[in-house]
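Chains, contacts and geometry: an overview
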Amino acid sequence: MSGPGSYRLRPIQACTPQQVEAVRQLRNLPEIRGSMYGDQVISEAEHADWLAGLQGDSRRKVFVVVEVSGEPVGAVSLTAIDRVHRRADWGFYMSPAAPRGLGTLALAVLLDHAFDDMSLDKINGEVIEGNDASLALHRKLGFRDEGRRRFHVRREAGRLDVHLFGLTAEEWRVARERIRVSPASHFVQLDAGV
C-alpha cells in the first residue's frame, strides 16, 4: 500500500463481508483504537450489531476507503446528521500503511459530499488529547478550535481532554482551494449513487 493510486469511498453497506471484516480488523489495531472514545477490541458480534444498526439510519453515513484492488485502507463517516440545523459530526481512521496524504484527500471528498451534495452548513469534530496527527489534519482542512472538554476520556494512564473543532461550508470553500493546489498523488472518488 504505497505510492500513487486510485481509491473509492464506498458505503459500508455496499461492501463485501470480507471488506467489512477488514474494516473491523483495521479499527482494532492498537494505534487506531487508542485514538477512539471506545478503545476496546470490537468483537465480530459487536461489529455485526453496529453494521445492522446502520441500516435505515439516516443520521449516519459510513464510507470505506477502498483501494483499486478492493482492499479497505480506512473509513470515514458522518454521524449525528441533523437535517434541520444542517450539521453533522464526523470521524475517520486510516491504516498506518496507507499512503501519505490519502487521509487528507479522502476527507476532502467527504467534506465536498457533506457540504455540496447534502447541503450541510457545519461539520463538528472531536480529537482526544495526544492525537497530534488528527489535530494537525483538522487544522489543515480548515477546522477551527471551538473549545475543549476537560477530563473527558478515561484511559489506563489517566483522564484526557478532548479538543472540539468546527468547520462551516464557507470555511471549507476557502480551505478546499488550498488543498486542491497541493500536488495530488492519489485519486479519491465517492461511489456513484450515494
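Just so we're clear, the structure is a prediction, and the values are computed from it rather than from any experiment.

Further remarks concern the pairing of strand 5 (residues 122-128). Of all the seven residues making up strand 5, five are buried; the element is thus mostly covered by neighbouring parts of the structure. Note: strand 4 (residues 87-94) against strand 5, three bridges, orientation parallel. Across the sheet, the residue bridging to Arg87 is Lys122, located in strand 5. As for the winding sense of the linkage, the β-α-β connection from strand 4 through helix 4 (residues 102-117) to strand 5 is right-handed. Of the pairings in the sheet, the one linking strand 5 to strand 7 (residues 158-168) comprises seven bridges and is antiparallel in character.

Considering all chains together, one arrives at two aromatic pairs under this definition. Ring centres of Trp90 and Phe92 lie 5.2 Å apart, and the angle between their planes is 70°; this geometry places the pair in the edge-to-face category. Trp90 gets classed as buried once you look at its relative accessible area, which sits at 8%. Residues Trp90 and Phe143 carry aromatic rings whose centres are separated by 4.9 Å and whose planes lie at 25° to one another, so their mutual orientation is stacked. Linking Trp90 in strand 4 with Phe143 in the loop between helix 5 (132-140) and strand 6 (144-155), this pair joins segments that are 53 residues apart in sequence. Take Phe143: its relative accessible area is 4%, and that puts it in the buried class. Positioned over the ring face of Phe151 is Arg159, at 4.9 Å from the centre of the ring.

About the cut-offs
Residues numbered from 1 in each chain as written. Predicted model: local features only at pLDDT ≥ 70, side-chain atom pairs only at ≥ 80, totals over all residues. Heavy atoms only, no water. Buried < 20%, exposed > 50% of the residue type's maximum accessible area, 1.4 Å probe, protein only. Helix = DSSP H or I, 4+ residues; strand = E, 2+ residues; numbered from the N terminus. Pairing = 2+ DSSP bridges. Right-handed = clockwise from strand over helix to strand, strands pointing away. Phe/Tyr/Trp six-rings, centres within 6.5 Å; stacked < 30°, edge-to-face > 60°. Lys NZ or Arg CZ within 6 Å of the ring centre and 35° of its normal.

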